Every structure is written in structure tokens, then in C-alpha cells.
Amino acid sequence: MIINNPGGKSYDLIVVGGGHAGCEAALASARMGNSTLLATINIRDIARMPCNPAIGGLAKGQLVREIDALGGEMGLCIDAAGIQFKMLNRAKGPAVWSPRAQADKAVYHEKMLEALSSEEGLDIFEGEVEGIAVEEGRVTGVTISGERIRGKKAVLALGTFPNGLMHIGERKIPGGREGEPPSCLLSDDLAANGIERARLKTGTPARLKRSSIDFSRCQEQPGDISPVPFSFRTKKLNLDQISCYITYTNVETHDIIRKNIDRAPLFSGQIMGTGPRYCPSIEDKVIRFSGRDRHQIFLEPEGRGSEEIYINGLSTSLPVDIQEKMIRTVAGLEDSEIVRYGYAIEYDFFPPHQIHASLESRKIEGLYFAGQVNGTSGYEEAAAQGIVAGINASLSLRGEPPFLPGRHQAYAGVMVDDLITKEIDEPYRMFTSRAEHRLLLRQDNADERLFRYAVRYGLLEKGLWSEMISRKKRVMKAKRRLHREVIPAERINSLLENEGAPPATEARKAIQIARRPEIGVEKLEAILDGGGLGLGERELDMLGIEIKYDGYIARQKKMAHKLLKMDKMTIPDGFSFEIEALSREAREKLGRFRPETLGQASRISGVRNSDLSILMIFIEKLKKESKNSGRRGMNFR
Amino acid sequence: MDGTTVVALSTPPGESAIAVVRMSGTGAVDILDRMAGASGPWESHKVYRKILKKADGGPIDEVLVTVMSAPDSYTGEDVVEISCHGSVHIYSSIIEEALYLGAHPAGPGEFTKRAYLKGKIDLTQAEAIADLISAETQLQARVALEQLEGSLSKKIGKIEKRLLEELALLELSIDFSEEDIELCSRDTLRKRSEEITEELKQMIDSEITGKKLRNGIRVTVLGPRNAGKSSIYNALLGEERAIVSAVPGTTRDLLRERIHIGGFTYYLEDTAGIGQTECEIETKGISIGRKAAEGADLILFVIDGSAGWDDESRKEFEKIAGKNHILVLNKKDLGADISCEKYRPKTLSGSAAEVSAKTGEGIQSLRKMIYKKTVRDDAAEIVKERGAVSSRHAAALREAVDAVKGVIAELEGAGAVEIMSLEIREAIEALGKVTGRSVAGELLDLIFSRFCIGK
Ligand SMILES: Cc1cc2nc3c(=O)[nH]c(=O)nc-3n(C[C@H](O)[C@H](O)[C@H](O)COP(=O)(O)OP(=O)(O)OC[C@H]3O[C@@H](n4cnc5c(N)ncnc54)[C@H](O)[C@@H]3O)c2cc1C
Ligand SMILES: Nc1nc2c(ncn2[C@@H]2O[C@H](COP(=O)(O)OP(=O)(O)O)[C@@H](O)[C@H]2O)c(=O)[nH]1
Ligand SMILES: [Mg+2]
């Protein structure tokens, strides 16, 4: 419910920032029964997408599935706001499929606002938070317009706003993003409270007027014929899909950029923060990969009825006159009109070695950080952290241990673990290659991985969980049947003939036939004894995956199990890494990141196997000593 | 490493001209101060002459002392080396004094272990040091030295890098499939994987030679009594080690000595002669000899060439004929036409040598034959060129090969990139076991440095 004045009120949890992280945090908190306040600078910008009009994508799609499996909102919103759906990597194995959808930005915002407003126990207030209140090392509330609002816990999800500074060519404009003011007071207040901060940078391309583009000179890119929804709770998608278009830069475009490179803030030294290497500006690409004479561009609509087209691949902070010239050299864009210019933005983030895996600050109890403020970039990355922070703040209020998904359980787990063990020297984005147990972390099985937590925490109904279990049971039963059933050669050949494959000479187990890439489960059903398997479409897919990855999944589980042992070995609170025997680099890194388990320590770069053995020895010694002395000098979790 | 200081004798025990006592750890310099009755100043890597005394004031010896301050020492800790006069009494007194002053006795390999834990050397180098210390031949020392200088780590590092590149290509096609990037073809991937497999296999192949180089080769001399086994044994050793006598059954126990051929160490074993005997000790000796022959890398089956075969010898020979062996026809000097040839068992497939232990005729070529029958002709060359891996290395390398073969199998089949990626990650993991290094973090760096990413 939107409120006008929170003054004098007291909340269980206050969420600062109505971006993708903040929305999920606030919803999770309210759904877990806490009185919650969501304070944000502008209500009309809640869940705004300041960059590309899309949700999901490689690895990000998996994150959305996880958020959904935890009872989050992002999947439902994009199912309602999507205008084009695609399952990426379909040509590859199902372990790396990722859903992606073009979004109608306005609808996405409306849907999220609807969900927030109708959530019981959730107040929404428009206003800028200027500072946090801290008593005895623990957060007790926030201040807005000089007034104190009490809160037992707080989540900071400030996005690119802390000391945001936008660059367009030589022009510098303070702002959180286009058309919005920065948030400077809060960032300075955090610094005053001893929170370390640093600068990062990101950028966005210009937007063009739809009617000014000649799409006939571009290549059309339609959506999937049968679109797959993001949410496990959406039964079916019914929509007319809208196409995107592909075009390319050319030698002429690159010439213009090269000639004016001294006017690009990135190269003139005007921008100090580091940008992402995976999402470079066009000037970056032209200079670094000078051998290429074209770069791909996607033209994506910002909404169903929107007149704005997003130029994916042409992010830039060149001056406006150069942007114009450069864009007009591209096929299809010769007569295009720019409705917004591209810009870069620099902002403060709070290096995440300062948080626990629960996202709670190590310095200030009860204060959680989520989203861009932790050095990540991307809506999905932010939302995933938001829901984790919301859940953990709520669990802490209940006095329960935090929700810490492991690297083998969720991309969200991989991300958080990376954040607290790796140096963030560019905005962090999710990639599937960051997950060493990728075959376990599929978009299709996020429910199997995470429903149980959502149900336990009260974020999803139990019914969904039981449905999932019986689905899984049916699939495993079918698999056992395929292991048992033997099919005579003639019947196998009735299938193989159609595929033009050499005939079989003897009977085979059904499972062996199903493994053949040219056959698969669906076709196999036709020749089974006693008819088909009686599985639904989704279940058949699940069975196909079970069969395809059979041995590999087992191998990954084994490997994950091995690594898990290290993660179970905790490093006591307040452990001193000033151990002379450690290598200098390890001592320095361990002192900075202060890992809480040996597993975390092992993932910090510069920490060698030998350093780990030393740590192990010292921890064992310490544990023995504190046991012998009969008192617990240290805290063992 | 955990704050303790250790002390040990670093030169071989026993009387010698000088002996070196070494201490390592935070307390090493302090202990030295107390023994030398002066607190430094010890400049690192400089030699000082001092008189060491016991705590009760009694002098021990006049010695040369070098302090190597952390981290520029072998172990990475403070190291003190004391060169004293090489009498057992003197070096024992120094060690006792150090122990009295708080040092602990160093376990075997402790200094090297410390160096490894301090990150001064990687695992392959630590192993090389152990090899170097026990090296007896030039070849052994050379292979160890090269490994110490990191040749094995470098070689593995290169393969790791190539695997990582392959992985980057696969990951690129997964994580950046929407980008306008030229992907690498199946054929290229396959060729690269095959090259890597080949290289790994070559390294694994060196294990057998490596094992022989490190552990030595066992050669057992077997045959009937009085054939001249002990005489040949002595001739090969170049010294009278075994008692030779015309009395049959002189040798009863198993004798073992070392000889070096072509840079390799051979353990030569003399056994009790085979034949019917009433003597319990001799019977036991015979069975010990047979047992030794079972595990030997090579058997020298000796018979008296002038006497020829009897049933017993023939039966015995047939038992071992399937094993790596050389039939040695001894006593060539006795001039008998060596008509054994015609008695020669049909099963004989191995080589035969005609020698005279008495005159020394044929002994030199027997040595050569022993070498040829136990190591490949070009073994020394190969080892010098490529090094020789240990069994631990080979096991890890085999895991890596299996994983890379998994990639090739997948390329021949469905070509699923996510599965190939898993295999390569496992291969890299396996190689990391050899060097103790992990390369996980380098993948994305490699991708971004090589490809234009970002639509
Ligand atoms: C120019 C630009 C380019 C980008 N380019 C990319 C890109 O290429 N790829 C990509 O993946 N991501 C990109 N992003 C990032 C993406 O928008 C963010 O990662 C994502 O929105 C972060 O979500 P968040 O919830 O952390 O913060 P945001 O979505 O930024 O939301 C922050 C919210 O906090 C509110 N707020 C801030 N301070 C206060 C305060 N003191 N009091 C009250 N409310 C406050 C703001 O009003 C806002 O609603 C870009 C962002 C911008 C601005
Ligand atoms: N003439 C001659 N006598 C030999 C030769 N080798 C050994 N003998 C003699 O044969 C006897 C037995 O030798 P020995 O080495 O003890 O035989 P073993 O029982 O096989 O170990 C001794 O008297 C040796 O001197 C040889 O090459 N020529
Ligand atoms: Mg003898």
C-alpha cells in the first residue's frame, strides 16, 4: 500500500530502493510476515529497466527461474510483460538452455507495482533516504527528510544511484540514471559509518524513433514458435510476439569513432570507474578489436506500443553530434531520429568483501546489501540478491540460520560466493561458465533445487512442492521402465529405418535406444511394449535430460560433494590470518576477504594449496585448544 | 611452519671432513645467538667464523656459520647453516644443544616440506629435491635437476594453457552464442584434443623409465649350483663380494649389491643354486632365490656351459622362460664346445650370452645386454629430453587423458559442448594435482582478451 507519511512508524524491515533488488527483497520480507517499508525516490520508476528491454538471457534466465522457484516476482512479471520469448542455446544441450524475453518496460513496471501494492504488510513510500541509524553496531532505522523511521533490519538496494555521475561526451551530469537525481547523502553516510566504497561504470546506447528506421534493410528475428514461460506458476503464454531486427556497423561507422576518440570520456580520462569487459561501449570495441570491420547490432522495441527502439550493441558515451553521425552510417538507420542519447554512468559500490554470504554487512548488524551496490550489474543479478537478502533478513528476525545456497545448488549461490571471494574489478555479471556444476544448475530444474526452501520459509504453497515431487516420481518410474524393457531388433529397426540409420542386429534395452541422439524418448514411446509412458510434455523433457546426462550428473554430484567438505569446514569468528607460515599474498588476501569456510578460502585467488594446508592445521589446533581449555574462546558455527 | 624451529644434520652421518647442521624456523637465529654467545649481527648469506659453546660454557667446536634470512632461504623461513668438523661427537653435540635450546628434530623431508608449504617450490619441485638428494648417477641427478628447475611444471603448465584455450572456445559457444563470433570447428577441436592426448601419453610413457630411474632395476642371478652364479655376480660387481667355491651349495642366502649401467641403478641379486639338497638352510635359500626371481625385472639364468643341461635345470629354466631373462652359458674358457645349444629348451625365446667369469670374457657384453633387456635403447636420451614422471604424476596424467578422450568421444558422437566442457574441466583439475595449482579463475580473462564480446 502506498503511504504518504511513514513518520513515527516502526518496521521489522526497511528496504531502501525500488529497483529489481529492492522489489524482491520487500516482497519476500512481507510474504514472510514482516511489517515492511519500501522507500524509493520515485514510485513511477519502480522496477524500471534503464538499459536493455529484456529479462533473462544466458545464465540470467537461470537466475530468473531460481528467483521464481523461491517465490519471487520477476518471472511472473516478465510472463505478463513479455512481447517476445526465446529459449537461447536450443541447439545445444538442455543444461545450457536459457529463457530470454523482450519486455514491455511500462507493463513490467505496472505489474511489479501491482504486486507490491497488493501485498499485505508492505508500505511503499516515495522519498530519499539520507542516512542509516546505527546503535551499538547494529542498524535501528533510516532517516528521510531529517525524520527517523525505526526498523529492526534494513536492505540497501540503491542501484547506480550512490553518487551517480552521467557522462555524455564532455558533459557531466550528476544523476542516478537518465532523468533521475543521484543519491549522495546516503553514500556519504555509509562511508562515515566505516563502509568502504569504490567506483564502477556502465553505459547505455541511444534510443531511436521506431518510425524513422528502415527495417527492410535489416534482418528480422522473430520469437519462438511455442514460447516457454519463465514462471513455474504460469501455465501457458498467450500473446502475439513482436520481432527484433539485426543490422551491422561498418567501416565508415568505425572511422567516425576513431576520428573522434579523443572526445570519448572513456578514453580522455574523464571516467575513472571501470566498465564491464563483456558489455563494452562501441568505442571500446572499435579500438580494442581494430581488425573487425563490422559489429552486430540488435534493434529491440522498448514495448508493444512504444515508439522507442533500443540499439543493442551500440552503447556509447560519445558526444551527441558524434552519436548522431555514427548511427546514421548503419544500414537501416540512415534517416533515423534519436529520441534519447546514449550515456555512461559512474557510481559508488560497496566492495562485497564487506558482507557475509547472507548479504548482511560484516560491520553493521542487521544491514543488508543487494544488487548493484555489491558491484554486480544486471536486473536478474540484482533481483536474485534482493530475494536472498529479503529472506535472510526475515530469517534473522525469526532467529533462524540464514539461507545460503551452495555453488552446486543455485546460480544465486555461485554469484554470492564469487562476490565474497573475488576481487570486483568490473561490474559482475552471471555467466554459466562461472558455475562449475553447470549440469546440476539447469533452468528446467530450479524448482527441484529450491522449492523446498520457498515452502519451508512460507514463500510458496506446499501444493506446488508436492506436485513437483510426484512429477519427479513419474519420471523416475519411466526411467526405470526403460532400463528394464528389452525391445526386439525388428521393432527397433522400424524406427531406425525412418532415420536412415544402419539397422540393429539384436534386441536392445529401451534406455539404450533412447540415448541415441537421432531417436530420443518421444520417438521411442511408439515402439514400447504396452504403449507409451503416459508422461506430459514437461515430464518427457525431464526424462530426456535424465537419460542424456545420466552418468555426467552423477559425476558432477560426486565432485560437488567432494568440494562441499571444504565448505563445511568453518573458520572460527575472529580467526587471525596473520600466520607467518602463509605466503605473503595469501595472508593479505585472506585478511581482506576474511573467508568463513575453507571452501571460500580455496576460491580466493592467490591462496595456494599449501596455504590451505596451513590454515587447516591452525584451525584444527585452535579447535583442540579451545576444547582442552574447557571454555569456548571462539565461536564455531 | 607452525612456529616451530627444526634442526637436522644435512650431510651424511658418520665421520667426514666437515659436517653441516641446519636449522630452520623463527627461533633458528635465536638459538644460534645463544650457542655463539653473541647476538649477531648476522647479515644474510654471509659466512661468519664462531666458536660454539654449550649452555654450561664448555666449548663444542670452531665453526663457519651462515644465516639465510626469511624469505630468501630454501625453506622461506630463517635458516642457519653450521659447518663444523665432521666428527660424530661434534655434530651430535651441536644438534643436542639446539634441541636443548628449543629446536625440534626435523622429520624426513621436513626442510623441503617447509619450502613447499611456504610456496617457495611447487609439488613437482619438492619431489625433485627428494630425487636429487638420493641421486646416484649423473642421469638421475640431471632429470631431478630439470624437474627442480620446473621443467615438468612448465610442460604441464603449457598443456593446461592449451586445455584452457579449448575450454574458452567451448564456453564462448555457450555463454556468448548470441554474439557475432566465429566459433571453432569440430575438426579443429578434435585435432587439438588429439595432440594434447598424444603429449600426455608420451609423458605417461616415461613413467616406466622414470620408475626404473628412481627406484632402480632388480636383476636376479638364478641357476643350478656350481654353474658360476656367484662368480658372474662378482665379475659384474667388479669385486669379490660373494664367496666362490667349488663346493656346491656355498651360497645360501640372498646377496644384493648395486651396480650402475648407463646411468641406471641395478640391484644385482645372487641366489642359492638350484638342486636337490638335504640341507634345510639351503632349501630355504633356494626358495628365497625363486621368490626374488619372481619380482625381478630381469633374470640371469646361469648354467655351466661345459657341463650342459640336466633335467632339473631344464625344468627350472622352463619355469622362468616366460619372464624377462638372459640365458648365460658360463665357463666358456673350459673350451667345451658349447653344445648346450642342442639341449636348449624349445621354449627359449630370450637372448643367450656366452661368458667366462674366470677370464672375464663376455662380461662387458653381458652388461650391455642387461641394459638392453631392462630399458629401451634410447631411454637415457628420452629421459634427458622429456624428463620422467613419477607414478603419482602418471596417475594424475592418466585421469587427464581419460577426460580428454571423453572430449574426443563426444566430438565423434553428439558433440555436446556442455559435456566436453565438463571433461576438460576435469582434465585441468587432474593436471592441477601434479603441480598443486588451480587455474579456475583464468577462463573468463582468456575469453575477454581474445574475443570481441558485447552486443
Ligand atoms: C545507464 C545504465 C546502463 C546500464 N547498462 C546495463 C547493461 O548494459 N547491462 C546490464 O546488465 N545492466 C545494466 N545496467 C544495470 C541495471 O540497470 C542494474 O544492474 C539493475 O537495475 C540494478 O538493480 P538494483 O535493484 O540494484 O538497482 P536499480 O534498478 O538501479 O534501482 C535502484 C533504486 O533505488 C532507489 N534509490 C537509490 N538511492 C535511494 C535512496 N537514497 N533513497 C531511496 N531510494 C533510493 C532508486 O530510486 C531506484 O529505484 C545499466 C544501468 C544504467 C543506469
Ligand atoms: N673355469 C671356470 N671356472 C669357473 C667359472 N666360473 C666359475 N667357475 C668355478 O666354478 C665353481 C663354482 O663357482 P660359483 O661361482 O661358486 O658357482 P655358484 O654355485 O653358481 O655360485 C668355482 O670353483 C669357480 O671357480 C668360469 O667361467 N670358468
Ligand atoms: Mg654361489
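From a predicted model like this one, the values you see are computed outputs, not experimental measurements.

(A) Quick look at the site of ligand 2. Residue and element names in this part refer to chain B. The environment of ligand 2 is formed by 18 residues, the closest being N226, G228, K229, S231 and D333. Contact between ligand 2 and A227: an oxygen atom at 3.2 Å from a main-chain N or O atom of the residue. One of the side-chain N or O atoms of N330 is found 3.0 Å from a nitrogen atom in ligand 2. Against a free-state accessible area of 570 Å², the protein chains account for coverage of 86% of ligand 2. Among the elements that take part in the shell around ligand 2, helix α8 (residues 229–237) stands out by supplying three residues, more than any other. Taken together, the residues of the shell around ligand 2 sort by class into six nonpolar, seven polar and five charged.

(B) Expanded view of the confidence of the model for chain A. Averaged over every residue, the pLDDT of chain A is 91; the share at 70 or more is 98%. Here residues 630–637 of chain A is modelled with pLDDT under 50, and outside its nearest four sequence neighbours on either side it reaches 14 contacts, counting other chains as well.

(C) Examining the site of ligand 1 more closely. All names here are of chain A. Taken together, 35 residues are adjacent to ligand 1, and A21, V129, G159, Q372 and G378 come closest. The contact in question runs from a nitrogen atom of ligand 1 to an N or O atom on the backbone of V129, over 2.9 Å. Between G378 and ligand 1, the recorded distance is 2.7 Å, taken from a backbone N or O atom to an oxygen atom. Burial of ligand 1 by the surrounding chains reaches 97%, relative to a free accessible area of 980 Å². Sorting the residues of the shell around ligand 1 by element identifies α1 (20–31), β2 (36–40), β12 (198–204), β19 (343–349) and α10 (379–398) as the ones contributing at least two each. Here the shell around ligand 1 gets three residues from one element, more than from any other, and that element is β12. When the residues that make up the shell around ligand 1 are grouped by side-chain class, the tally is 16 nonpolar, 16 polar and three charged.

(D) How the structure looks around the packing of aromatic side chains. Using the criterion set out here, one finds 15 aromatic pairs over all chains in the structure. Arranged with centres 6.3 Å apart and planes meeting at 55°, the rings of F85 of chain A and F230 of chain A form a pair that is tilted. Within this pair, whereas F85 of chain A is found in strand β4 (residues 82–88), its partner F230 of chain A is found in the loop between β14 (219–221) and β15 (244–248), the two being separated by 145 residues in sequence. Given the relative accessible area of 0%, F230 of chain A is considered buried. Taking 5.4 Å as the distance between ring centres and 85° as the angle between the ring planes, the aromatic pair formed by W42 of chain B and Y48 of chain B counts as edge-to-face. For Y48 of chain B, a relative accessible area of 22% gives the class partly exposed. Among the aromatic residues, those joined into a ring-pair cluster are Y278 and F431 of chain A together with F176 of chain B. Above the plane of the ring of W97 of chain A lies R90 of chain A, whose end atom (NZ or CZ) is 4.9 Å from the centre.

Conventions used here
- Residues numbered from 1 in each chain as written.
- Chains lettered and ligands numbered in written order.
- Predicted model: local features only at pLDDT ≥ 70, side-chain atom pairs only at ≥ 80, totals over all residues.
- Heavy atoms only, no water.
- Near = heavy atom within 4 Å.
- Polar contact = N/O pair within 3.5 Å; in protein donor to acceptor, adjacent residues only side chain to side chain.
- Areas by Shrake-Rupley, 256 points an atom, 1.4 Å probe, with all protein chains shown as cover.
- Helix = DSSP H or I, 4+ residues; strand = E, 2+ residues; numbered from the N terminus.
- Nonpolar A, V, L, I, M, F, W, Y, C, P; charged D, E, K, R; others polar.
- pLDDT = per-residue confidence, 0-100.
- Contact = heavy atoms within 4.5 Å.
- Phe/Tyr/Trp six-rings, centres within 6.5 Å; stacked < 30°, edge-to-face > 60°.
- Buried < 20%, exposed > 50% of the residue type's maximum accessible area, 1.4 Å probe, protein only.
- Lys NZ or Arg CZ within 6 Å of the ring centre and 35° of its normal.

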